[in-house]
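# A structural walkthrough
Next come the chains, spelled out residue by residue.
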Amino acid sequence: MKKTLQVVGAIIVKDGKILAVKRGANKNQAVAYKYEFVGGKIEEGETPEVALKREVFEEMDYDVEVGEKFMEVLYEYDDVFVNLQTYLCKPLSEHYILKEHIDHKWLLPSDLFSVDWAPADTDILQRLQEVKLSK
């Protein structure tokens with residue numbers, strides 16, 4: 001039986017653009033060198049919002065305000081199910097450092113599919129193109 005990971009992703013919006021970060025090498029080839037939302041696993045005892053704020057800071061030294069929940073998806077990879085909860089986030093600072101990713105891009109919603117994303121994000125990306133995001 002496959003394990004289900006509870007994970008969170010930050011849809012960080014600044015000036016109408018969304019932050020996409022690119023993974024490096026990964027044992028799971030489905031996500032290696034793919035773009036994704038900053039985030040990670042929810043630790044025991046954490047709320048999704050607390051986990052998300054912690055993950056963004058750990059991965060980028062970036063302070064964000066976690067806003068409303070945007071969308072939740074359950075995606076099946078070869079070895080695991082991922083229950084991904086995404087939240088709209090606003091940066092509280094200008095500066096960040098990529099600690100766990102090899103690249104990043106700020107993309108307009110209409111340009112989201114111009115890069116290669118992790119498969120679990122596809123439905124979220126589609127919905128992001130259909131809604132109006134506040135700047």
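Everything quoted here is computed from the prediction, not taken from an experiment.

## Some details on unusual backbone geometry
We note that Tyr33 has phi near 60°; this positive angle belongs to a residue other than glycine. Here Tyr33 is to be found in the loop between β2 (17–22) and β3 (35–36). The phi dihedral of Asp61 falls on the positive side, at around 50°, and the residue is not glycine. Here Asp61 shows up in the loop between α1 (48–60) and β5 (64–76).

## Brief notes about the side chain of His101
Topologically, His101 is positioned in the loop between β6 (80–91) and β7 (103–107). Within the local environment of His101, its side chain forms a polar contact with the side chain of Glu36, the two groups lying 2.8 Å apart. Sequence-distant contacts of His101, that is, excluding residues within four places in its chain, are made with Val21, Lys22, Arg23, Glu36 and Glu59.

## Side note on the pairing of β6
For β6, the buried fraction is high: nine of the 12 residues fall into the buried class. For strand β1 (residues 3–14) and β6, the ladder comprises 10 bridges, and the chain directions are parallel. Across the sheet, residue Thr4 finds its bridge partner in β6, namely Phe81. Joining the antiparallel neighbours β5 and β6 is a turn of three residues.

## Some thoughts on helix α2 (residues 122–130)
Listed as buried for α2 are Ile124, Leu125 and Leu128. Summarising the axial view, the buried residues of α2 lie within an arc of 100°, below the 170-degree limit, and thus occupy one face. In this structure, the buried residues of α2 make contact with β1, β2, β5 and β6.

## Quick word on the layout of surface pockets
Rolling a probe over the atoms, with the probe sized like a water molecule, indicates the empty space that remains. Computed from the structure, the largest pocket encloses a volume of approximately 780 Å³. What lines the largest pocket is a set of 28 residues, among which Val7, Arg23, Asn26, Val31 and Glu36 lie closest to the centre. Taken together, the elements giving at least two residues each to the lining of the largest pocket come down to β1, β4 (38–41), α1 and β6. Here the lining of the largest pocket gets four residues from one element, more than from any other, and that element is β1. For the lining of the largest pocket, the per-class residue count stands at 12 nonpolar, seven polar and nine charged.

## Some remarks on the confidence of the model for the chain
Looking at the chain, pLDDT values average 95 and 99% of them are 70 or higher. By mean pLDDT, the top-scoring element of the chain is β7 (98), and the lowest-scoring one is α2 (95).

## Here we look at the pattern of salt bridges
What the rule picks out here adds up to 12 salt bridges. Residues Asp116 and Lys34 are paired through a salt bridge, measuring 2.9 Å at the closest nitrogen-oxygen approach. Residue Asp116 is located in the loop between β7 and α2, and its partner Lys34 is located in the loop between β2 and β3; the two are separated by 82 residues in the primary sequence. A salt bridge links Glu72 to Lys69; its shortest N-O distance comes to 2.6 Å. Glu72 gets classed as partly exposed once you look at its relative accessible area, which sits at 38%. Three or more residues are tied together by salt bridges with common partners; here these are Glu43, Glu46, Arg54, Glu55 and Glu58.

Analysis parameters
Residues numbered from 1 in each chain as written. Predicted model: local features only at pLDDT ≥ 70, side-chain atom pairs only at ≥ 80, totals over all residues. Heavy atoms only, no water. Helix = DSSP H or I, 4+ residues; strand = E, 2+ residues; numbered from the N terminus. Polar contact = N/O pair within 3.5 Å; in protein donor to acceptor, adjacent residues only side chain to side chain. Contact = heavy atoms within 4.5 Å. Buried < 20%, exposed > 50% of the residue type's maximum accessible area, 1.4 Å probe, protein only. Pairing = 2+ DSSP bridges. Arc of directions from axis to C-beta. 1 Å grid on protein atoms, 1.4 Å probe; cavity = no way out; pocket = protein on both sides within 12 Å on 5 of 7 lines; lining within 4 Å. Points joined across faces, edges and corners; volume = space filled by probe spheres on them. Nonpolar A, V, L, I, M, F, W, Y, C, P; charged D, E, K, R; others polar. pLDDT = per-residue confidence, 0-100. Salt bridge = Lys/Arg side-chain N within 4 Å of Asp/Glu carboxyl O.

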